[in-house]
Each structure stands twice: as structure tokens, then as C-alpha cells.
Amino acid sequence: MSRVYNFSAGPAVLPEEVLKEAADEMLDYKGSGMSVMEMSHRSKVYDNIIKEAEADLRELMNIPDNYKVLFLQGGASQQFAMIPMNLMKNKKAAYIITGQWAKKAWKEAQIYGDAVAVASSEDKTFSYIPDCSDLDIPEDADYVYICENNTIYGTKYKKLPNTKGHTLVADVSSCFLSEPVDVTKYGVIYGGVQKNIGPAGVVIVIIREDLITEDTLPGTPTMLKYKIHADADSLYNTPPAYGIYICGKVFKWLKKMGGLSVMKERNEEKAKILYDFLDQSKLFKGTVVKEDRSLMNVPFVTGNEELDAKFVKEAKEAGFENLKGHRTVGGMRASIYNAMPKEGVEKLVEFMREFEKNNA
Ligand code: PLP
């Protein structure tokens, strides 16, 4: 067996320890005589798995009691619709456009009401986070929506927007559990787990209880109502049971590692290795303004498409996978989520240094 260094933006690298443990339990989960994959989601054994996963996540993120934790399906993209369907009471919301995912969410919300773009960084290919200290937010907006870490462009909010008292809704798919957050600042925090937490197929929604109401937009399907899932503790229908089990294992791994403050330190250390190299390189350049750089997704270019392609090809041959930038922006991108070891980043930088020498 040989594992590569996987820099994929998602689905992405998971802690080896977690994968090994899951493999050990594959045929017989804790004496149940079956795999978690084969288990009824109504069984006592599974009930313990999902309850423990929720309790561990609550502990990790310090989630207050007046927030519900929902394990849902449909990916982050389904939340682009669920959010307006459940929250747009006044049929108005403010969106900050910092990349494709924010834009997709904004477009989806336009189906349901007046989704107003109050700021955007599209003028400079989303290479920065716009100033959000004094936005022109409509008084009657039901919420302000952000994508907190922009996976494709590699930007991250270092300070949350001033929502002027409006509910903040954040897509944290690509920075989930990468550092501590103050949950009380948000009405809704959600993310697909396939980057930092687990296998694709699970989306976690952390939502303040007062936002969960019967009063959804007319025509909202039962499965897209937060209340249905909240009232049933995420077991209204068959949940993505195996995926939740793996998420639970990653929560335990994070606790063992020392929690989110420790993860933040580790992530800062890893990102610094790569950014420091980019800042002094004569060949490679980071594409994002320094103050808004993501700790998770690091895009870079050589400025020459052919050389970019050569780099990606040679890197792959050397065991560094998935370094090609998103298909819409080109160049390269190294996603260095929680489970990427520091050694992976060090080796990548070593490889880049060598490539630079050979292609000067
Ligand atoms: N939001 C962000 C920030 C993402 O990076 C992605 C996917 O990469 C999505 C949303 C879409 O997620 P999904 O494919 O789970 O719908």
C-alpha cells in the first residue's frame, strides 16, 4: 500500500487513523456482527453513534443549547435553496459575492425572493474579501449570507461582516472545524463535510432554534424544512448513516488532537510554510491578497499555462495528487485541510523548489 499526498479540494484527505479504525470495524462494529453500513438507523447501536457524533461536535465547537445540529443530505448546494425557503419571511436577503459558491447561492435565492448583492469581489477575480464594515443592507432583509472560505479562490473572511443586526448565514464547507468559531455570531452555519470532516453525502447545519419555524415558503417540500429534521433529531428519514459515523470518528480525532485551537495553530503553521515559499519564489505566485489568504486552499500560478500543466503532471508523478486549480480558474491549488500532515506541505514545497530550479 502506498498513499499519495492528496491536495484535493474535496472530497479530500481524511486522517489515516480514522480510515484504519473504520476498516477494522468494517465487518463487525463493536460486537454487533455487522458493518455500520448494514445497520438500521433506528437501532440502539446507531442511535449511540449519531448522538455521540452530535455531542462531540457540540463540545468541539462549543455550540450553545439554543442551536440545533442537523445531519442532512443534498450537499452544500441543497442549502442554497433550503436557506431561502426556510428563512426568507420578508422575501428579502443580502448576499456577499466572494466566489462561485456564494454566487450560486445568490442565484438560487433569487428563485424565492429578492436576493440583493450588497458587496462583491468579482471585479478582481474574487482575489480578495470586500470591505464589509458598512454595507448597505436592506432594513427588512431576513439574513446576510456569506461563503466564509472560498474554496476555488483561496480567500477567507478574517473578520465577519457587520450585519447591522441581521441574521448571519455562513457556508463554511471548506473551513469547517479548521479553527475555533463563535457560534453565537451566526444564525446558521452549514457545510458539506467532504473537505474537512468526512465522506461526501453529509451536510451539517447548525441553526439557532428561533429560525426553525413552520412558516416556510409555500410549496417547500417536507424534506427541505429544517423543522422536520430538527423535530426528528436528523432521523426523519434514513440519514447518510455511514457518513455520519465517519464524521463522528473525525470529531473524536479532533478532540484527541487537542481541539480547534490546536488545529488552528497547526493549520497556520502548515499554510505559512507554503505562503512563505510563494512569497519569495521567482516562479510561483499566490493569487490572493495577503490579508485575506485562506489557511485551507492555496491557489498559485506560474503565469505560464504550459508550465502550470507541466508542474501538475510532474507533481502527480512524484506523488502529489490533485494540484490542478479549479477548472474555471486554471493554475494550481493546494488544499491543505486538517488531515494534511505538515510533512505533506514540506515535501510539496521541496518539490516546488526543485521544479523552480529546473525550469528557471
Ligand atoms: N460551498 C463551498 C464553499 C464549496 O467549496 C462547495 C464544493 O466544493 C460547495 C458549496 C458545494 O458543495 P456540494 O458539492 O456538497 O453541493
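What counts and how
- Residues numbered from 1 in each chain as written.
- Predicted model: local features only at pLDDT ≥ 70, side-chain atom pairs only at ≥ 80, totals over all residues.
- Heavy atoms only, no water.
- UniProt positions renumbered as here; feature names shortened; annotations may be inferred.
- Helix = DSSP H or I, 4+ residues; strand = E, 2+ residues; numbered from the N terminus.
- Contact = heavy atoms within 4.5 Å.
- Polar contact = N/O pair within 3.5 Å; in protein donor to acceptor, adjacent residues only side chain to side chain.
- Near = heavy atom within 4 Å.
- Areas by Shrake-Rupley, 256 points an atom, 1.4 Å probe, with all protein chains shown as cover.
- Salt bridge = Lys/Arg side-chain N within 4 Å of Asp/Glu carboxyl O.
- Buried < 20%, exposed > 50% of the residue type's maximum accessible area, 1.4 Å probe, protein only.

S.K.: Teacher, can you tell me more about the UniProt feature "binding site: L-glutamate" (unreviewed entry) in the protein chain here?
M.R.: According to UniProt, the "binding site: L-glutamate" (unreviewed entry) feature falls on R42. Tracing the backbone shows R42 in the loop between α1 (16-24) and α2 (44-61). Every residue in contact with R42, bar those within four places of it in the chain, is listed here: L235, Y236 and N237. Side-chain polar atoms of R42 contact the side chain of H41, separated by 3.3 Å.

S.K.: How do you make sense of the site of the ligand when you look at a structure like this?
M.R.: The environment of the ligand is made up of G75, A76, S77, F80, W101, C147, N149, T151, D171, S173, Q194 and K195. T151 places a polar side-chain atom, nitrogen or oxygen, 2.4 Å from an oxygen atom of the ligand. In isolation the ligand offers 400 Å² of accessible surface; the protein chains occlude 84% of this area. A per-element tally of the shell around the ligand places helix α3 (residues 75-87) first, with four residues.

S.K.: For this particular structure, what's the right way to read the pattern of salt bridges?
M.R.: In this structure the tally under the stated criterion is 30 salt bridges. Residue D47 is joined to K51 by a salt bridge in which the shortest nitrogen-to-oxygen separation is 2.7 Å. In this pair, D47 and K51 both sit in helix α2, four residues apart, roughly one turn of the helix. The partly exposed category is assigned to K51, whose relative accessible area is 47%. Of the charged contacts in the structure, one is a salt bridge between K272 and D276, with a shortest N-O distance of 2.5 Å.

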